[in-house]
Amino acid sequence: MSIAYILDGYNIIKSDNTGKLNTGSLEQQRNSLIEFITKARPQGSLNNKITIVFDGLSSNEDAFWGGNYNKSVINGITVIFSLVENADRLIERTVSEHKNTSNIVVVTDDKGIRHNLGRTNARFMSTADFCNKLFKKNINNYQAKSQAELDNMDKINEEFKKKWL
């Protein structure tokens, strides 16, 4: 059974204390979040879906335009920009309209969202926990790759020793 993660995009970006997500223009910050999620896959299985909700208007010309929002898919991540209603209400509506809310994890620190969705079976994750998972997974992927490169270098050095010594 797959899990749907719904992320309060700006809430996550603003709560990042590493400076990896909240530097540069708003567009750069949004792209950093999408890039980190694409690389680190904090949702685990690719069957688990991630939707990021932002306030405002998307600069993506290919975005699908719905009545109150526009939506696009970037590297398998659904990105929604609220146009009329704010992102908080859009997150709440998205969760409430879901058939099985027990398969949803909402990532936000917004007390209003948590309160308004308290009667659903949706689970919540703090932005700090999500960022820790996101950055830890990214660092682990980097370290694993670096270790593989080191192992490969050791193998090459051993081959040189055999030939030249």
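See above for the structure.
A brief report on the enclosed structure follows. (Residues numbered from 1 in each chain as written. Predicted model: local features only at pLDDT ≥ 70, side-chain atom pairs only at ≥ 80, totals over all residues. Heavy atoms only, no water.)

## Focus on helix α3 (residues 87-97)
Put simply, the rule reads: Each residue gets one of three labels from its accessible area relative to the maximum for its type: buried under 20%, exposed over 50%, partly exposed in between, using a 1.4 Å probe on protein chains only. The way it works is that DSSP assigns letters per residue, a run of H or I at least four long becomes a helix, a run of E at least two long becomes a strand, and they are numbered from the N terminus. Here a polar contact is recorded for every N or O atom pair within 3.5 Å, except that within protein the pair must consist of a potential hydrogen donor and a potential acceptor, and residues adjacent in sequence are included only if both atoms are side-chain atoms.
Among all positions of α3, only Ala 87, Asp 88, Leu 90, Ile 91, Glu 92 and Val 95 are buried. Capping the start of α3 is the job of one residue whose side-chain oxygen sits 3.1 Å from the backbone nitrogen of Asp 88: Asn 86.

## Some words on the pairing of strand β1 (residues 4-8)
Looking down a regular strand, the side chains alternate between one sheet face and the other. Spelled out, the test is: Note on pairing: two strands pair once DSSP finds at least 2 bridges between them.
In terms of residue burial, β1 counts as a mostly covered element, since 5 of its 5 residues are buried. Here β1 shows two buried faces, one formed by Ala 4, Ile 6 and Asp 8 and the other by Tyr 5 and Leu 7. Here β1 pairs with strand β2 (residues 49-55) via 5 bridges, running parallel. Across the sheet, the residue bridging to Leu 7 is Ile 52, located in β2. For β1 and strand β6 (residues 104-107), the ladder comprises 4 bridges, and the chain directions are parallel. Bridging from a neighbouring strand, Ile 6 pairs with Val 106 of β6.

## Topic: helix α2 (residues 26-40)
The test is simple: For a helix, the expected span equals 1.5 Å multiplied by the residue count minus one.
Between its first and last C-alpha atoms α2 spans 21 Å; for 15 residues at 1.5 Å apiece the expected length is 21 Å, and the two agree. Among all positions of α2, only Gln 29, Arg 30, Ser 32, Leu 33, Ile 34, Phe 36, Ile 37 and Ala 40 are buried. Arg 41 occupies a position one or two residues after α2 and carries a positive phi of about 45°.

## Side note on the nonpolar core
Condition: The nonpolar core is taken to be a set of buried Ala, Val, Leu, Ile, Met, Phe, Trp, Tyr and Cys residues, with the residues joined through side-chain atoms within 4.5 Å. Contacts between residues were defined by any pair of non-hydrogen atoms, one from each residue, lying within 4.5 Å.
Counting 24 residues, the largest nonpolar core has Leu 7, Leu 33, Ile 37 and Ile 52 as the members making the most contacts within it. At the level of elements, β1, α1 (9-15), α2, β2, β5 (77-82), β6 and α5 (127-164) are the ones that each hand at least two residues to this core. Take this core: its biggest share by element is 5 residues, from α2. What Ile 52 contacts, discounting residues up to four positions off in sequence, is Leu 7, Gly 9, Leu 33, Ile 34, Ile 37, Ile 77, Thr 78, Val 79 and Ile 80. Counting 13 residues, the second largest nonpolar core, distinct from the first, contains Ile 6, Leu 90, Val 95 and Leu 117.

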